[in-house]
Amino acid sequence: MKRPGPLLTLLAGLLLAVFMLSLNATTGVRNASSSRPRTPAAAPPASATPEQSTSPRSPSPSPSVSPSASPVPNADYAGRTDDDSSAVAVSLRDGRAIAYFCDGHDKESWLKGEVEDDGTMRLTGKNGAELDGTLRDGRRIRGTVHLGGQRYAFTADKAVKPSGLYRATATVRGAELDGGWIVLPGGRQVGILDRDGEPSAAPAIDPETGAVTVDGKKLTARPVTP
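Computed from a predicted structure; not experimentally measured.

Bringing the sheet that holds strand 3 (residues 96-102) into the picture now. Taken together, the eight strands give a closed barrel; going around it, the order is 1-2-3-4-5-6-7-8, and neighbouring strands pair in antiparallel fashion. Taking the axes of each pair of neighbouring strands and ignoring which way they run, one obtains an average angle of 25 degrees across the sheet. Here strand 2 (residues 87-93) pairs with strand 3 via seven bridges, running antiparallel. What sits directly across from arginine 93, in strand 3, is arginine 96.

This is the structure we're talking about:
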């Protein structure tokens, strides 16, 4: 018996290959690597917002406030005591005060001191004289004068020139003269002139110029300020 020829062997191998290819097509088998779903690439993380290089600036401190100026005005005040026996004038400048009390005959006192921011004042003079007062709304001073063992309550209103406080000093015929005048609102004057320490009623001055004649000599009474 003859062996199959090479041609038949080749033909059988081709038929087997065709059979195997048709079998794979009908069963739907895929290559394992191709059937595996691809995992999508992860999105790159969003870049974080960089922190500010500097911390928030704190508000600048408010500039220091210098102490306010004293509310006490620079002004003059003149009035009379409650019993109408005497006159009082007070001059205020930059927190200081000078005052004059006189009855127009033989009783007088010059006083001075400081004024507090609230308008209160305690002024002192010779022989224990004192003036305690309070400035009210910048328009008037209400207070008392203690002099010679007596107490005089007074009210002095804000004065408008020529009202106010005046003084003149000079040497006339060897005598030391020292005169003080209070010109009240309305023009009335109250004053005392000392001659070597002896008080007497003072002659009237011209309130516009301060001119006054004493013992035949012309003097000038000038406004008084601290």
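Bringing the packing of aromatic side chains into the picture now. Under the criterion given, the structure shown has two aromatic pairs. An angle of 25 degrees between the planes, with centres 4.2 Å apart, marks the rings of tyrosine 100 and tryptophan 110 as stacked. Here tyrosine 100 is found in strand 3, whereas its partner tryptophan 110 is found in strand 4 (residues 108-114), with 10 residues between them in sequence. Judged by relative accessible area, tyrosine 100 falls into the buried class, the value being 0%.

Moving on: the pattern of salt bridges. Summed over the entire model, instances satisfying the criterion amount to 10 salt bridges. In this structure, the salt-bridge partner of aspartate 76 is lysine 161, at a minimum N-O distance of 3.5 Å. Of this pair, aspartate 76 sits in strand 1 (residues 75-81) while lysine 161 is found in the loop between strand 8 (150-158) and strand 9 (164-172), placing the two residues 85 residues apart along the sequence. According to the relative accessible area criterion, aspartate 76 is buried, its value standing at 10%. The shortest N-O distance in the salt bridge between arginine 96 and glutamate 114 comes to 3.4 Å. Here arginine 96 is found in strand 3, whereas its partner glutamate 114 is found in strand 4, with 18 residues between them in sequence. Classification of arginine 96 by relative accessible area gives partly exposed; the value is 39%. Each of Asp76, Arg93 and Lys161 takes part in a single network of salt bridges with overlapping partners.

Tracing the sequence through the fold places aspartate 194 in strand 11 (residues 189-195). Between the C-alpha atoms of aspartate 194 and glutamate 108, which are 86 residues apart in sequence, the distance is 10.0 Å. In contact with aspartate 194, other than residues within four places in its own chain, are Glu108, Glu176, Leu177, Asp178 and Pro199.

Cut-offs applied
Residues numbered from 1 in each chain as written. Predicted model: local features only at pLDDT ≥ 70, side-chain atom pairs only at ≥ 80, totals over all residues. Heavy atoms only, no water. Pairing = 2+ DSSP bridges. Helix = DSSP H or I, 4+ residues; strand = E, 2+ residues; numbered from the N terminus. Axes fitted to C-alpha atoms, helices over the stretch in contact; angles between N-to-C directions. Phe/Tyr/Trp six-rings, centres within 6.5 Å; stacked < 30°, edge-to-face > 60°. Buried < 20%, exposed > 50% of the residue type's maximum accessible area, 1.4 Å probe, protein only. Salt bridge = Lys/Arg side-chain N within 4 Å of Asp/Glu carboxyl O. Contact = heavy atoms within 4.5 Å.

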